[in-house]
Amino acid sequence: MLTVDIDNISYTYADGTSALDAVSLQVNAGESVAIIGANGAGKSTLLHHLNGLLTPTAGRIHICTHPLNNKTLAEIRRLIGMVFQNPDDQLFMANAIDDVCFGPLNLGLTSQQALKVARRALDQVGVLNLQDRAPCRLSDGEKRRVAIAGVLATSPEILVLDEPTSGLDPWARRQLIDLLKKLDHTRLIATHDFDLAHDLCERTIVLCEGKIIADGLTANILTNDFLDSSPAIPANTL
Amino acid sequence: MVTLDSALWQLNQSNRLAEGTTWVHRLDPRTKLFTTLVFILFVASHGPLQISALIPFIVYPAFLLFNAELPLDYVIKRLFFAAPFVLFIAVFNPLIETQTVIIAGYELRQGWLSMSSILIRFVLTASAALILLASTGIPQLCTALNQFGVPQLFTRQLLLLHRYLLVLLTEGLSVYRATQLRRYGKRLTLATGANLLAQLLLRTTTRANRIHNAMLSRSFSGEIPTPETNAKLTKQDWSFIVGWCSLFFLMRHINLAIYLGQLLEGLWS
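Residues numbered from 1 in each chain as written. Chains lettered and ligands numbered in written order. Predicted model: local features only at pLDDT ≥ 70, side-chain atom pairs only at ≥ 80, totals over all residues. Heavy atoms only, no water.

The helix and strand tally for chain A stands at 10 helices and 10 strands. Each of the three principal axes of chain A carries a C-alpha extent, and together these read 55 × 45 × 35 Å. Classification of the 238 residues of chain A by burial places 57% in the buried group. Within chain A, contacts between residues separated by at least 24 positions form 63% of all contacts whose residues are at least 6 apart in sequence. Here chain A has roughly 9800 Å² of accessible surface; of this, 47% comes from carbon and sulfur atoms. Averaging the coordinates of the 20 positive side-chain charges in chain A and doing the same for the 28 negative ones gives two points 6 Å apart. (Helix = DSSP H or I, 4+ residues; strand = E, 2+ residues; numbered from the N terminus. Buried < 20%, exposed > 50% of the residue type's maximum accessible area, 1.4 Å probe, protein only. Contact = heavy atoms within 4.5 Å. Areas by Shrake-Rupley, 256 points an atom, 1.4 Å probe, with all protein chains shown as cover. Lys, Arg positive; Asp, Glu negative; His and termini not counted. Charge placed at Lys NZ, Arg CZ, Asp CG, Glu CD.)

Below, the structure is given as structure tokens:
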């Protein structure tokens, strides 16, 4: 079943910078897809289109058969759980449990129900013991886990992660990869971390200057032969 | 950048202290907030020339400080930080209030008495508030304020300010350090300072945008909901409130310092 259907979308920022150029992408349920590319290739811009934070200047997006528009935006934001690159942007509440409850409460759950799902989500990512801790008193790895719990608590169909391992030490990074492996959601992960892409995603998409220049099995994409031979990927861009 | 560094450290220190596990920390935030407000009310209700009647009130902040295992220097340093503002207000009293009073055979301007009273009141109320903060934490205090009927709009602003002040300070510090490393000992010019501030403003705007996006992604629609907790006050909470409020009432109506003085005088003679 198709969960993400992006049809020929383009996006140009207000200053005239073209960020996406005729991008088409289909992702099936349960698939795990890595999106790789140099800084400024359009990875984050593409992800921000999935839950309507940005609206394409051309093209159409369907999420689980819903066309992305103002009428379906609320439902689509429930279906897509987005974990942002910097957890400090995401964790804004006074403590971890309140932050994780934010999504479920917005979805109309009662306080008791929200607390229940929040505790379950915190437990799932292994930080239930930090539920009363203020975000500023968490390590980067812990913040990342709480941010993921905040998204899992809304029971999304699709997980979208923007550079989930950036800024983490090797130990915290490995822990996070192991955690993400346990989640069986459809996943789209924008990353510079080839190990993560290799470990978590069977499929990889390469973006370059707003265009998809490769889409295939991760094992085939992340080979020296492919990366060296691709004329659209200068050696220093990945 | 000593000032930014120390501001960061102090903010973190308050958060760290609030994570203590003593019985004072475990008290319901409403209990501590209410009792401290009553304490402040009783201290503030004394006449402008009262000094001896105020002294016994020190027992409340001292009790909390000791039982919450908070470092004394945490309170003293912050009192010193705020003291100049209070001094500035109180220092004119001896000049304005020129009537004289006789204390222990010495003639003294009334202004000196009212100045001392203001300073004692400042020490008592500010130390109680600081101890409340360090043994409870801003988030919990905001929740307690909400439960007391303070509008969410106000407490949310306070919470967000507290949350992102640390982030802003961290960013400010890194911007400043990056500049400092390339100044090679030269003074910060006005133009560079203005650029730094502009950078910080831009970063703040960008971050605010990112935070808003993250909120929208979790179905934000204008309200920031928090789970309601129906935690009831325990017997310990009620004992704390009743015990302390009774003592404040007693100390307000009976000058314990004078009684104690007379008692000691009697014993001595």
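Moving on, we get to the pattern of salt bridges. Under the criterion given, the structure shown has 18 salt bridges over all chains. Taking the shortest distance from any N to any O, the salt bridge between Asp195(A) and Arg173(A) comes out at 3.2 Å. One end of the pair, Asp195(A), is in helix α8 (residues 194-200); the other, Arg173(A), is in helix α7 (residues 170-182), with 22 residues separating them in the sequence. The exposure class of Asp195(A) is partly exposed, given its relative accessible area of 45%. Three or more residues are tied together by salt bridges with common partners; here these are Asp89(A), Glu171(B), Arg207(B) and Arg210(B). (Salt bridge = Lys/Arg side-chain N within 4 Å of Asp/Glu carboxyl O.)

On inspection of all chains with the given rule, the structure shows 16 aromatic pairs over all chains. A centroid spacing of 4.9 Å and a plane angle of 90° characterise the contact between Phe92(A) and Phe102(A), whose relative ring orientation is edge-to-face. Of this pair, Phe92(A) sits in the loop between α3 (87-90) and α4 (96-106) while Phe102(A) is found in helix α4, placing the two residues 10 residues apart along the sequence. The exposure class assigned to Phe92(A) is buried, which follows from its relative accessible area of 2%. Ring geometry for Trp23(B) against Phe240(B): centres 6.3 Å apart, planes inclined by 70°, an arrangement best described as edge-to-face. Taken together, the residues span a long stretch of sequence, with Trp23(B) in helix α2 (residues 23-26) and Phe240(B) in helix α11 (residues 235-253) at a distance of 217 residues. (Phe/Tyr/Trp six-rings, centres within 6.5 Å; stacked < 30°, edge-to-face > 60°.)

Once that is clear, we can look at the nonpolar core. All names here are of chain A. Ranked by internal contacts, the top residues of the largest apolar core, which has 42 residues, are Leu 46, Leu 50, Ile 63 and Leu 188. The element that contributes the greatest number of residues to this core is strand β2 (residues 18-28), accounting for 5 residues. Not counting residues within four places of it along the chain, the set of residues in contact with Leu 46 comprises Ile 6, Ile 9, Leu 20, Val 23, Leu 25, Ile 35 and Leu 207. Within the second largest apolar cluster, 38 residues are counted, among which are Leu 91, Leu 130, Ala 172 and Leu 183. (Core = buried A, V, L, I, M, F, W, Y, C linked by side-chain atoms within 4.5 Å.)

For an interface, size is often stated in terms of accessible area lost upon the parts coming together. At the junction of the two partners, chain A supplies 31 residues and chain B supplies 28 residues. Summing both partners gives a buried area of about 2800 Å² for chain A against chain B, and 56% of it is carried by carbon and sulfur. Among the residues chain A hides against chain B, the three largest losses belong to Asp89(A), Phe92(A) and Arg137(A). Together they make up 23% of the total. Viewed at the interface, chain B and chain A are joined by 8 residue pairs in polar contact (both at pLDDT 80 or more). With 8 residues, the single largest contributor to the side of chain A that touches chain B is α4(A). Looking at side-chain class alone, the side of chain A that touches chain B contains 16 nonpolar, 8 polar and 7 charged residues. (Buried area = accessible area lost by both parts, 1.4 Å probe. Polar contact = N/O pair within 3.5 Å; in protein donor to acceptor, adjacent residues only side chain to side chain. Nonpolar A, V, L, I, M, F, W, Y, C, P; charged D, E, K, R; others polar.)

Moving on, we come to a nonpolar patch on the surface. All names here are of chain B. A grouping of Phe 88, Ile 89, Val 91, Phe 92, Leu 95 and Ile 96 is seen on the molecular surface, where their side chains present a nonpolar patch of about 660 Å² in accessible area. Of all the secondary structure elements, the ones that give two or more residues to the nonpolar patch are α5 (72-90) and α6 (93-96). By relative accessible area, Ile 89 is classed as exposed at 57%. (Patch = residues over 30% accessible without salt bridge, like charges linked within 9 Å, V, L, I, M, F, W, Y side chains within 5 Å.)

This paragraph deals with the packing of α4(A) against helix α5 (residues 111-124) of chain A. All names here are of chain A. One can describe the packing of α4 onto α5 by two numbers: an axis separation of 8 Å at closest approach and a directional angle of 120°. In this view, α4 runs oblique relative to α5, as classed from their interaxial angle. In terms of crossing hand, the pair formed by α4 and α5 is right-handed. Between α4 and α5, the residues in contact are Ile 97, Val 100, Cys 101, Pro 104 and Leu 105 and Ser 111, Ala 114, Leu 115, Val 117, Ala 118, Arg 119, Ala 121 and Leu 122, respectively. The residue makeup of the contact of α4 with α5, split by class, is 11 nonpolar, 1 polar and 1 charged. (Axes fitted to C-alpha atoms, helices over the stretch in contact; angles between N-to-C directions. Parallel < 35°, antiparallel > 145°, perpendicular 65-115°, else oblique. Left-handed = near helix turned anticlockwise from the far one by under 90°.)

This brings us to the sheet that holds β2(A). Residues and elements named next belong to chain A. Pairing is antiparallel across the open sheet formed by 4 strands, whose spatial order is β2-β1-β4-β5. Edge positions in the sheet fall to β2 and β5 (66-67), since each has one partner strand and no second. Across the sheet, helix α1 (residues 43-50) is in contact with β1 (2-12), β2 and β4 (58-63); its angle to β1 comes to roughly 120°. (Pairing = 2+ DSSP bridges.)

None of the figures reported here should be taken as evidence of function without further support.
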